[in-house]
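# Geometric and topological summary
Here is what each chain is made of, one letter per residue.
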Amino acid sequence: MTTSGSSDSTPRASSGVAVRPSAEPAAANPRDAEPSEDAQRFWDERYRGGTQPGRGRPNAVFAELVAGLPTGSALDLGCGPGGDTLWLAGRGWTVTAVDISPTALAGVRAEAAAAGLEKRIRTEHHDLSVSFPTGRFDLVSAQFLQSPLAFPRQRVLRRAAEAVAPGGLLLVVEHASVPPWGRVAHPDVKLPTAAETLAGLALAEGEWTVEIAEPRSREATGPGGETATLDDNVIAARRRR
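Our subject in this report is the structure included herewith. Going along each chain's sequence as written, the residues are numbered from 1 onward. Selection of residues for local features in this predicted model requires a pLDDT of at least 70, selection of side-chain atom pairs for listing and counting requires 80 or more, and totals for whole chains, interfaces and linings are taken over all residues. Side-chain numbers here rest on the full set of heavy atoms in the structure, without hydrogens or water.

The next thing to look at is the sheet that holds strand β2 (residues 73–77). Pairing is mixed in the open sheet, where 7 strands are placed in the order β4-β3-β2-β5-β7-β9-β8. The open sheet is flanked by β4 (121–125) and β8 (208–221), the only strands paired with a single partner. Averaged over all pairs of adjacent strands, the angle between their axes in this sheet comes to 15 degrees, without regard to strand direction. Across 5 bridges, β2 lies against strand β3 (residues 94–99) in parallel orientation. Across the sheet, the residue bridging to Leu75 is Thr96, located in β3. Two strands pair under a simple rule: DSSP has to find at least two bridges between them. Strands here mean DSSP runs of E at least two residues long; helices mean DSSP runs of H or I at least four residues long; both are numbered from the N terminus. In this description, a line fitted to the C-alpha atoms serves as the axis of each element, helices being fitted only across the stretch in contact, and the angle between N-to-C directions of two axes falls anywhere from 0 to 180 degrees.

The structure is reproduced here in structure tokens:
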């Protein structure tokens, strides 16, 4: 789900422009909470529809920033069709791939098996609004973790930060502008600035080094072949040892 992400900076599972935060509190025991059937159905239908943005390719900014890192353990939140997950595993990382969509996760497992990477990839089914993977990771990735459905994104990103191991990196890439082809459907959407997302993480002072917190521009192509320059926010923060 994007409550998935994407490759080539397209959201893995959502249209990626309508972000509806939720004020709902976390479940009392989130590991025992049931995923939302409506949200799961939404993302499953998207993946069954045959349109899977980014399939087989990592996000461009993600690949650029991660390529030079030493391999280790990674958590891919909202893995979607698994472009980032498969790219990481192919470079020697051990990856936990998380999504709300069983259809997406089945696709990741099939792609991993076809590439001989199944021993490096573990899939976990989570609705991140009610449950979250356990453990600490050297890399926690949230690529375009934005949704047209109600989604407590700030709380989820804070939980993502908690999952970063000492010396590890939290990498968030998000939409910062609405493409021209999405403005009719989403005329009133307000997307966060990089500073707003960074502030929302509430990173403990003295425990983190913020390496990047800025907008970046890219060229994108819409469904009708139209092109535009879009802005994304990139936040990279490293937990100190």
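This part is about the pattern of salt bridges. The rule for a salt bridge is simple: a side-chain nitrogen of Lys or Arg has to be within 4 Å of a carboxyl oxygen of Asp or Glu. On inspection of all chains with the given rule, the structure shows 11 salt bridges. Between Asp38 and Arg41 there is a salt bridge; the shortest N-O distance is 3.0 Å. Taken together, the residues Asp38 and Arg41, both in helix α1 (residues 37–48) and 3 residues apart, mark about one turn of the helix. One salt bridge in this structure joins Asp44 and Arg48, with 3.7 Å as the shortest N-O distance. Of this pair, Asp44 and Arg48 both sit in helix α1, 4 residues apart, which is roughly one turn of that helix. The class for Asp44 is buried, based on a relative accessible area of 6%. Exposure categories follow from relative accessible area, calculated using a 1.4 Å probe and restricted to protein chains: below 20% of the type maximum is buried, above 50% is exposed, and the middle band is partly exposed.

Quick look at unusual backbone geometry now. Of note, the phi angle at Phe144 is positive, near 55 degrees, even though the residue is not glycine. For Phe144, the location among the structural elements is in the loop between β5 (137–143) and β6 (150–151). The phi dihedral of Ala202 falls on the positive side, at around 55 degrees, and the residue is not glycine. Mapped onto the secondary structure, Ala202 falls in the loop between α6 (194–201) and β8.

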